[in-house]
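Residue strings, one per chain:
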Amino acid sequence: MALLKRTSAMGLAGTIGMLLVALTAQMGMTGQAFAHDRDDGEVVTYGPNACTVVAEMPAYQPATCVKHKTEIDDGVTETKNSYVTQATAATVQQAFQPSFQQLQQNGWTMMEADQDLEDQEFEYTFSKGLRQIEVKIEAQEPDEGTGTEFSIAQK
């Protein structure tokens with residue numbers, strides 16, 4: 001009888017734990033891993049909810065945030081969001097074009113535009129006063145799967 005009660009209690013506890021995990025995930029409260037290095041002022045956050053808006057540059061949708069990094073370097077705060085998507089690099093690059101035009105209409109100057117069509121790598125740099133935005137887009141390596149990795153950084 002004691003064994004039966006113990007097994008039932010353990011089963012009930014396991015079921016409640018699984019329900020809590022499922023409820024938390026459904027509510028969007030997924031766990032994020034934080035890493036903080038006090039020596040260089042760098043904070044890194046991983047997870048789909050980690051990224052924040054960088055300047056006036058929205059991320060390509062649909063894309064999943066994989067990493068957000070903030071670092072203070074010589075008194076300047078640098079922020080970088082990294083994303084992945086199943087879309088091709090060319091599709092992501094084309095989707096950013098209206099945002100690039102909007103940046104320029106808002107006073108940002110395109111300082112650099114590197115496009116490597118063969119390797120599907122694109123890099124753009126904009127500046128406005130002392131601020132700078134970098135957008136890097138590249139196709140994933142075959143061993144990483146299909147899709148595209150891109151990042152948006154602000155200095």
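See the structure above.
Okay, so let's go over this structure.

A word on the nonpolar core. With 22 residues, the main nonpolar core has Met 57, Phe 96, Ile 133, Ile 137, Phe 150 and Ile 152 as its most contacted residues. Among the elements that line this core, the one with the most residues is helix α2 (residues 89-105), at five residues. For Ile 133, the contacting residues outside a window of four places in its chain are Ala 55, Glu 56, Met 57, Leu 103, Trp 108, Tyr 124, Thr 125, Phe 126, Ile 152 and Ala 153.

Now for α2. For an α-helix the count is 3.6 residues per turn, leaving residues at separations of three or four pointing the same way. The terminal C-alpha atoms of α2, which comprises 17 residues, lie 25 Å apart, in line with the 24 Å expected from a rise of 1.5 Å per residue. Along its length, α2 reaches its greatest deviation from straightness, about 30°, at Gln 97, and the proline Pro 98 lies no more than four positions downstream. The set of residues buried in α2 consists of Ala 89, Val 92, Gln 93, Phe 96, Ser 99, Phe 100 and Leu 103. Those residues of α2 that are buried lie in contact with β4 (76-85), β5 (109-116), β6 (121-128), β7 (131-139) and β8 (148-154). Of the residues one or two after α2, Gly 107 is the one with positive phi, at around 95°.

The rules behind these values
Residues numbered from 1 in each chain as written. Predicted model: local features only at pLDDT ≥ 70, side-chain atom pairs only at ≥ 80, totals over all residues. Heavy atoms only, no water. Core = buried A, V, L, I, M, F, W, Y, C linked by side-chain atoms within 4.5 Å. Buried < 20%, exposed > 50% of the residue type's maximum accessible area, 1.4 Å probe, protein only. Helix = DSSP H or I, 4+ residues; strand = E, 2+ residues; numbered from the N terminus. Contact = heavy atoms within 4.5 Å. Expected span 1.5 Å × (residues − 1). Bend = angle between axes of the 7 residues up to and from the residue.

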